[in-house]
Amino acid sequence: MTIPEAIGTLTDAVDDVYWRDEYHPITEGDAFLQRIVNEADLPSLLVALSAVTGDFQMLRPGLRPSFPPADVVPAPHGGLSVEAQAEARDVALTALKRVRDDRLTTPRRLDAAETRILLDFLTNGASDADTELLTHELDLAPKKLGAPDWTFEEVSQGREFKVAVIGTGMSGIAAMYRLSQAGVPFTAFEKNPDVGGVWWANTYPGVRLDTPTFAYSYSFAQRADWPSAYARGEEIEEYALEIVERAGLRKHVVFDTEVTALTWDEERGDWEVVTRSGGTDTVQRFNAVISAVGQLERPNIPEYPGRADFRGAQMHSARWDHGVDLAGKRVAVIGTGASAYQIVPAIVDRVAQLTVFQRSGPWMVPAPNYHDATPSALSWLCEHVPYYGQWFRLSGFFQSATGRAHTVIAAAGWEREDSVSPVNLKVRQILTEVIGAQWKDHAELLATVVPNYPPGAKRMLRDNGVWAQALQRPHAQIVTSGIDSFTENGITTADGDFHEFDVVIYATGFLASDFLDPIEVRGATGETLKEHWQGDARAWGGISVPGYPNLFIIMGPNTNYVVHGSQHFMMECGVEFAVEAIHQTLLRGVKGFDVKQSALEDIIGKVDAANAARAWGQPQVRSWYKNRHGRVSQIWPFSHLEYWRLTHEVDFDRDFTVHH
């Protein structure tokens, strides 16, 4: 693909590779602007117009969004009443005309007081702590948090120091970007031919986000010209490629090279890193290692008896074989999670027979626009109102910070296994009604398609009706009996039925809880990380492990969100901690840091207790969020603010061991 040049000028003052100095002037008439205002998200529009015009009088008390808790889907316009919406549109139209008539095409940087006023309005009174966190995402703030405020040249005092970054997916790109800002020497190793991680690897039919596109971006790369409401896989891969090009990161990456072993040398105070490329091993030394290998990388393919005997085509969703023509084939899809939900509707009309093997049906949140383009009004505003797209993103970011978290907290004494609280039961009833309407002509299948576990116990998918439509095709069926074995020609289920197939697709997820498993990691005591964890991975903030100095794991154990939160924010927090730990290492002239066992046990105790009180932590729930010991090892149950404080308000002397 051709990478477009950056728009505008990226200066040291703006920590965003998509920053624009100029936006298109508005030339359209009043009637057109009225249509735009009628279709726009009003809280975002009012804040954007106030910011660019400097008119804060339009932020009237009666127009503040209340953001009522979303049991299923958020209230439109932040919960504004119909009357308030009408008033907001009148105010916004007047301001939009001013932007046009005064030719306001340049973003206006804010002072601290203006930043506080705008964030207070947009969030309906966020605390000072939340406001500080939100400035991490706000380019217009006088001090946008996130970028290192030091440089390697300033603090290294001539010391040689190199960092290895393992992986160039979303976490790896964040690590490379922040290291580059600080001027820290680093090399990134990528086993694939290009960057993107899961978005390079996952090319199956229908692959796309299951979160709104604007939410899937970094604070330092706030793209606003997204073509799809929920970006297709290739759009996210293009986003990754663009960031690497715009930030000049590609020169740091060694492609087609896999890291196979890490060994800490306590005497030297560095890591011996073994890489493999083209069958040749190379040994290099680095003072710190940032692991960005991710969780959803190694396919999980169950070892069914006879699977090797099957003579048809077999493929995992993350290793899609585009050489296999599905047209007219009898196809099995094993699994009903996120990838299956996208694959099945995408292929159902090409195959002769489609059979979905289901352990449990998915809960899905209504999203009628799941396959739609970005609304035209949103796209227009992003091009013509300076910084509108970023305000729209920030509003979504704030709302996602709480999301539907209140719906998954287990109530004490709740005895039902299909829900965990009165509000969770309410969500169940609402979503069951939606499913019932989709399956009204096949009521006999409701017991099959309605999940038997609490809403929120597993990742909730986005639903625009295509899943139900696909499974109701005459040549499609759902099989709930477990798989007993494979034969040369098909699959035999536990109930004795035999199903003939030409192709088997595994939508069976990943070995997510086996963190860093393919890499032999030996720490200060000589013990490998695999031996240390024994299948129960634990790390402080998902990042640091006692006995493994200067090893920083991004998106490690207990760093996923289920019904709230931003993965990119969590990635950035982890990276920013790692970069600050490197800063402290250089500043103090020491070998490095690793977390103390006491600090690890403190945070893990809190995480485990909170997870046990969430829907996904209930004993009757089976999911990839739990490791083989039954512990929830994948999920962070707390808020953005709590992870921010953990990773940014660090007492290195109290909670970390210093290696001299």
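Residues numbered from 1 in each chain as written. Predicted model: local features only at pLDDT ≥ 70, side-chain atom pairs only at ≥ 80, totals over all residues. Heavy atoms only, no water.

### So, the overall build of the protein chain
Our working rule: Here a strand is any run of E in DSSP of at least two residues, a helix any run of H or I of at least four, and the numbering for each starts at the N terminus. Note on method: radius of gyration uses C-alpha positions; expected globular size equals 2.2 Å times residues raised to 0.38. For every residue, the accessible area obtained with a 1.4 Å probe (protein chains only) is divided by the maximum for its type, and the residue is called buried under 20%, exposed over 50%, and partly exposed between those limits. For every accessible area listed, the method is Shrake-Rupley and the probe measures 1.4 Å; residues are considered covered only by the protein chains on display.
Scanning the protein chain for helices and strands turns up 20 helices and 21 strands. Relative to the compact-globule value of 26 Å for 660 residues, the protein chain shows a C-alpha radius of gyration of 25 Å, a close match. Taking the principal axes of the C-alpha coordinates as reference, the protein chain spans close to 75 × 70 × 55 Å. Looking at the protein chain as a whole, 57% of its 660 residues qualify as buried. On the protein chain, roughly 25,800 Å² of surface is accessible, and the fraction owed to carbon and sulfur atoms is 50%.

### Structural notes on the sheet that holds strand E19 (residues 551–553)
Under the convention used in this document: Only when DSSP finds a minimum of two bridges between them are two strands counted as paired. Only heavy atoms enter the contact rule, under which two residues are in contact if any of them lie within 4.5 Å. All axes here are fitted lines through C-alpha atoms, helices being fitted over the stretch that makes contact, and every angle between N-to-C directions spans 0 to 180 degrees.
The five strands lie next to each other as E3-E2-E1-E7-E19, forming an open sheet whose pairing is parallel. Since the sheet does not close on itself, it has two edges, and those belong to strand E3 (253–254) and E19, each with one partner. Alignment of strand E2 (residues 186–189) against E3, held across two bridges, turns out to be parallel. Looking at the pairing, Phe 189 lines up with Val 254 of E3. Running over the sheet, helix H17 (residues 567–588) touches strand E1 (163–166), strand E7 (288–291) and E19 and is turned about 165 degrees from E19.

### What to know about the pattern of salt bridges
Threshold: Take a side-chain nitrogen of Lys or Arg and a carboxyl oxygen of Asp or Glu: if they are within 4 Å of each other, that pair is a salt bridge.
In the structure shown here, the tally under the stated rule is 48 salt bridges. With a shortest N-O distance of 4.0 Å, Arg 116 and Asp 120 are connected by a salt bridge. Remark: Asp 120 and Arg 116 occur in helix H4 (residues 112–123); sequence separation between them is four residues, near one turn of the helix. For Arg 116, a relative accessible area of 26% gives the class partly exposed. Asp 120 sits in the partly exposed class, given a relative accessible area of 24%. Across the pair Asp 502 and Arg 330 runs a salt bridge whose closest N-O atoms are separated by 2.9 Å. A residue pair is termed long-range when its members are at least 10 positions apart, and Asp 502 in the loop between strand E16 (498–500) and strand E17 (503–506) and Arg 330 in strand E9 (residues 330–334) qualify at 172 residues. The class for Arg 330 is partly exposed, based on a relative accessible area of 27%.

### Some remarks on the side chain of Thr 53
For clarity, the threshold we go by: Any pair of nitrogen or oxygen atoms within 3.5 Å is treated as a polar contact; in protein, a donor-acceptor pairing is required on top of that, and neighbouring residues in sequence qualify only through side-chain atoms on both sides.
Topologically, Thr 53 is positioned in helix H2 (residues 42–53). The class for Thr 53 is buried, based on a relative accessible area of 10%. One polar contact links the side chain of Thr 53 to the main-chain carbonyl oxygen of Leu 49, over a distance of 2.7 Å. Not counting residues within four places of it along the chain, the set of residues in contact with Thr 53 comprises Met 58, Ala 95, Arg 98, Val 99, Leu 104 and Arg 108.

### What about the environment of Thr 151?
Along the chain, Thr 151 falls in the loop between helix H5 (128–134) and helix H6 (152–155). We classify Thr 151 as partly exposed; its relative accessible area is 29%. Between the alpha carbons of Thr 151 and Ser 180 there is a distance of 9.5 Å; along the sequence they are 29 residues apart.

### Quick notes on the environment of Ser 481
Mapped onto the elements, Ser 481 comes out in the loop between strand E13 (476–479) and strand E14 (483–486). The class for Ser 481 is buried, based on a relative accessible area of 18%. It is 9.0 Å that separates the C-alpha atoms of Ser 481 and Asp 497, two residues lying 16 residues apart in sequence. Each residue touching Ser 481, except ones within four places of it in the same chain, is listed here: Phe 357, Thr 493, Ala 494 and Asp 495. Within the structure, the side chain of Ser 481 is placed 3.4 Å from the backbone nitrogen of Ala 494, a separation counted as a polar contact. Here Asp 495 takes part through its backbone nitrogen, which lies 3.1 Å from a polar atom of the side chain of Ser 481.

### Focus: the sheet that holds strand E5 (residues 270–277)
Spatially, E6-E5-E4-E18 is the arrangement adopted by the four strands of the open sheet, whose pairing is mixed. Every interior strand has two partners, whereas the edge strands, strand E6 (280–286) and strand E18 (520–522), have only one. Each neighbouring strand pair of the sheet contributes to a mean axis angle of 15 degrees, computed without reference to strand direction. As paired elements, strand E4 (residues 258–265) and E5 share seven bridges and run antiparallel to each other. Bridge pairing in E5 places Thr 263 opposite Glu 272.

### Things to note about the confidence of the model for the protein chain
To be explicit about the condition: Per residue, pLDDT captures the predictor's confidence, and it can take any value from 0 to 100.
Residues of the protein chain with pLDDT of at least 70 account for 98%, and the chain-wide mean is 95. The low-confidence segment residues 1–11 (pLDDT under 50) makes 19 contacts with residues lying over four places distant or belonging to another chain.

### Considerations on a nonpolar patch on the surface
Filter applied, for reference: Surface patches are defined over residues having more than 30% relative accessible area and no salt bridge, joining like charges when they lie within 9 Å and nonpolar side chains (Val, Leu, Ile, Met, Phe, Trp, Tyr) when within 5 Å.
Side chains of Val 198, Leu 296 and Trp 624 sit close together on the surface and give an oily, nonpolar patch of about 230 Å² of accessible area. Mapped onto the elements, Val 198 comes out in helix H8 (residues 198–201). On the basis of relative accessibility, which here comes to 32%, the residue Val 198 falls in the partly exposed class.

### Digging into the nonpolar core
Worth spelling out the cut-off: As used in this record, nonpolar core signifies buried Ala, Val, Leu, Ile, Met, Phe, Trp, Tyr and Cys residues forming a set joined through side-chain atoms within 4.5 Å.
Membership of the largest hydrophobic core comes to 182 residues, with the highest contact counts inside it found for Val 333, Trp 391 and Trp 540. Counting residues per element, this core draws most heavily on H17, at eleven residues. Excluding residues within four positions of it along the chain, Val 333 makes contact with Ala 340, Val 344, Ile 347, Leu 354, Thr 355, Val 356, Phe 357, Ile 505 and Ala 507. Within the second largest apolar cluster, 22 residues are counted, among which are Ala 164, Phe 189, Trp 264 and Ala 539.

### Some words on the pairing of strand E20 (residues 592–595)
Side-chain alternation along E20 places Gly 592 and Asp 594 on one buried face and Phe 593 and Val 595 on a second face that is also buried. In this sheet, strand E21 (residues 656–659) lies alongside E20 in antiparallel orientation, the contact comprising four bridges. From the neighbouring strand, Phe 593 faces E21, where its bridge partner is Val 658.

### Observations regarding the packing of aromatic side chains
Going by this rule: Two rings from Phe, Tyr or Trp (for Trp, the six-membered ring) form a pair when their centres sit within 6.5 Å of each other. Planes less than 30 degrees apart are called stacked, planes more than 60 degrees apart edge-to-face, and all others tilted. Working rule: Lys NZ or Arg CZ, within 6 Å of ring centre, within 35 degrees of ring normal, means a charge sits over the ring.
Within this structure, the stated rule accounts for 33 aromatic pairs. Seen from their ring centres, Trp 540 and Phe 577 are 4.9 Å apart, and the 50 degrees between their planes marks the pair as tilted. You can see Trp 540 sitting in the loop between helix H16 (529–533) and E19 and its partner Phe 577 sitting in helix H17, a full 37 residues away along the chain. For the pair formed by Trp 540 and Phe 577, the shared burial category is buried. Aromatic ring contacts, followed pair by pair, group Tyr 18, Tyr 177, Tyr 218, Phe 220, Trp 226 and Tyr 239 into a single cluster. The ring of Tyr 23 is capped by Arg 20, whose NZ or CZ atom sits 4.4 Å from the centre of that ring. Cation over ring: Lys 162 sits above Phe 286, and NZ or CZ is 5.0 Å from the ring centre.

### Some points on the packing of H17 against helix H19 (residues 640–648)
Rules: Roughly parallel means an angle under 35 degrees; roughly antiparallel means over 145; roughly perpendicular covers 65 to 115; every other angle is labelled oblique. Each helix crossing is assigned a hand: it is left-handed if the near helix lies turned anticlockwise from the far helix by less than a right angle, otherwise right-handed if that turn is clockwise. Basically, the charged four are Asp, Glu, Lys and Arg, the nonpolar ten are Ala, Val, Leu, Ile, Met, Phe, Trp, Tyr, Cys and Pro, and anything else, Gly included, counts as polar.
Closest axis-to-axis distance for the H17/H19 pair is 9 Å, and the angle between their directions is 10 degrees. Regarding the angle of H17 to H19, the classification is roughly parallel. With respect to the hand of their crossing, H17 and H19 are arranged in right-handed fashion. Contact with H17, carried on its side by Phe 569, Met 570, Cys 573, Gly 574, Glu 576 and Phe 577, involves His 640, Tyr 643, Trp 644, Thr 647 and His 648 of H19 and no other residues of that element. Grouping the constituent residues of the contact of H17 with H19 by class yields six nonpolar, four polar and one charged.

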